[in-house]
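The residues making up each chain are set out below.
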Amino acid sequence: MLSEDDISRHCHARTLQRARSIAASDRNILTKQVRYNPPETTLSAFVASSSGWNDRYRTSVTFDEDEGDLVDYACTCPAYREYDGMCKHCVALALTYLDAPEKFMGYRAHRAPTTSSCLLELMAVSYTHLTLPTNREVEVSVVAGFLKKKKKERITDKQEKKNREQIWI
Ligand SMILES: [Zn+2]
């Protein structure tokens, strides 16, 4: 789990201070959402600008639940573009989650361990091919065939994405 110590390593002490005051009011952080893609957890929200203008920034923070470490963060505010490290909006978003994760849309208290879709597919393939007593060569060939198929799919996906992008340009 992420801790305040982990966050403080990615920002200045003053940023942390300011973030605390932003996080102190529920009205400052709107449409809080959390998405789980184990082991990564991504938070996103609109965070109010403290400049006095009725403005808000799109902010997101991704961290590794198992390692308790930050993976990525982003914000549309000027400070994020200008300086290294987390801006106060990113920090405020992370602090809010540490304080009250249940207030985030999509929050699940007890997350069942999930198996990646790729691994599930491989397991399904293995069950169909490897029900009889087999030898190592057969096992290896099934796995190798599966990986080859996945690689081909990835290449096709990439090509399709490229084609789509070209249409938009
Ligand atoms: Zn920001």
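This text goes with the structure placed above it.
Residues numbered from 1 in each chain as written. Predicted model: local features only at pLDDT ≥ 70, side-chain atom pairs only at ≥ 80, totals over all residues.

Student: Which residues make up helix α2 (residues 13–23), and what values do they have?
Tutor: Of the residues making up α2, those classed as buried are Thr15, Ala19, Ile22 and Ala23. Summarising the axial view, the buried residues of α2 lie within an arc of 90 degrees, below the 170-degree limit, and thus occupy one face. Exposed side of α2, more than 90 degrees from the buried face: Ala13, Arg14, Gln17 and Ser21 are the residues found there. (Buried ≥ 20, exposed ≤ 12 C-beta atoms within 10 Å, placed from the backbone. Helix = DSSP H or I, 4+ residues; strand = E, 2+ residues; numbered from the N terminus. Arc of directions from axis to C-beta.)

Student: Before we move on, can you summarise the sheet that holds strand β1 (residues 29–37) with the specific residues and values?
Tutor: Taken together, the four strands give an open sheet; going across it, the order is β1-β2-β3-β4, and neighbouring strands pair in antiparallel fashion. Each edge of the sheet is formed by a strand with only one pairing partner; in this case those strands are β1 and β4 (69–75). This sheet shows a mean twist of 15 degrees between the axes of neighbouring strands, independent of strand direction. Two strands pair when backbone bridges link them, and β1 and strand β2 (residues 40–48) are joined in this way by seven bridges, in the antiparallel orientation. In the strand pairing of β2, Ile29 is matched with Val47. (Pairing = 2+ DSSP bridges. Axes fitted to C-alpha atoms, helices over the stretch in contact; angles between N-to-C directions.)

Student: Lay out the environment of Gln17 with the relevant residues and their values.
Tutor: Summarising the element assignment, Gln17 is placed in helix α2. We classify Gln17 as exposed; it has 12 C-beta atoms within 10 Å.

Student: Which residues make up the pairing of strand β3 (residues 56–64), and what values go with them?
Tutor: Residues Tyr57, Thr59, Val61 and Phe63 point to one face of β3 and are all buried, whereas Arg56, Arg58, Ser60, Thr62 and Asp64, pointing to the other face, are not buried. Judged from the nine bridges that link them, β2 and β3 form a sheet pairing that is antiparallel. Pairing of Phe46 across the sheet is with Arg58, part of β3. In the sheet, β3 pairs with β4 via six bridges, with the strands oriented antiparallel. Along β4, the bridge assignment pairs Thr59 with Cys75. Between β3 and β4, which pair antiparallel in sequence order, lie four residues; one of them, Gly68, sits at a positive phi of approximately 65 degrees.

Student: Can you explain the packing of α2 against helix α4 (residues 88–99)? Please cite residues and give values.
Tutor: Running from amino to carboxyl end, α2 crosses α4 at an angle of 55 degrees, the nearest separation of the two axes being 8 Å. On the basis of the axis angle, α2 is oblique to α4. In the packing of α2 onto α4, the handedness of the crossing is right-handed. Of the residues in α4, those touching α2 at Thr15, Leu16, Arg18, Ala19, Arg20, Ile22 and Ala23 are Lys88, Val91, Ala92, Leu95, Thr96 and Asp99. (Parallel < 35°, antiparallel > 145°, perpendicular 65-115°, else oblique. Left-handed = near helix turned anticlockwise from the far one by under 90°. Contact = placed C-beta atoms within 7 Å.)

Student: Hey, could you go over the nonpolar core for me, with residue numbers and the actual values?
Tutor: Ranked by internal contacts, the top residues of the largest apolar core, which has 26 residues, are Cys90, Val91, Ala92, Leu93 and Ala94. Mapped onto this core, the elements with two or more residues apiece are α2, β2, β3, β4 and α4. The element that contributes the greatest number of residues to this core is α4, accounting for seven residues. (Core = buried A, V, L, I, M, F, W, Y, C linked by C-beta atoms within 7 Å.)

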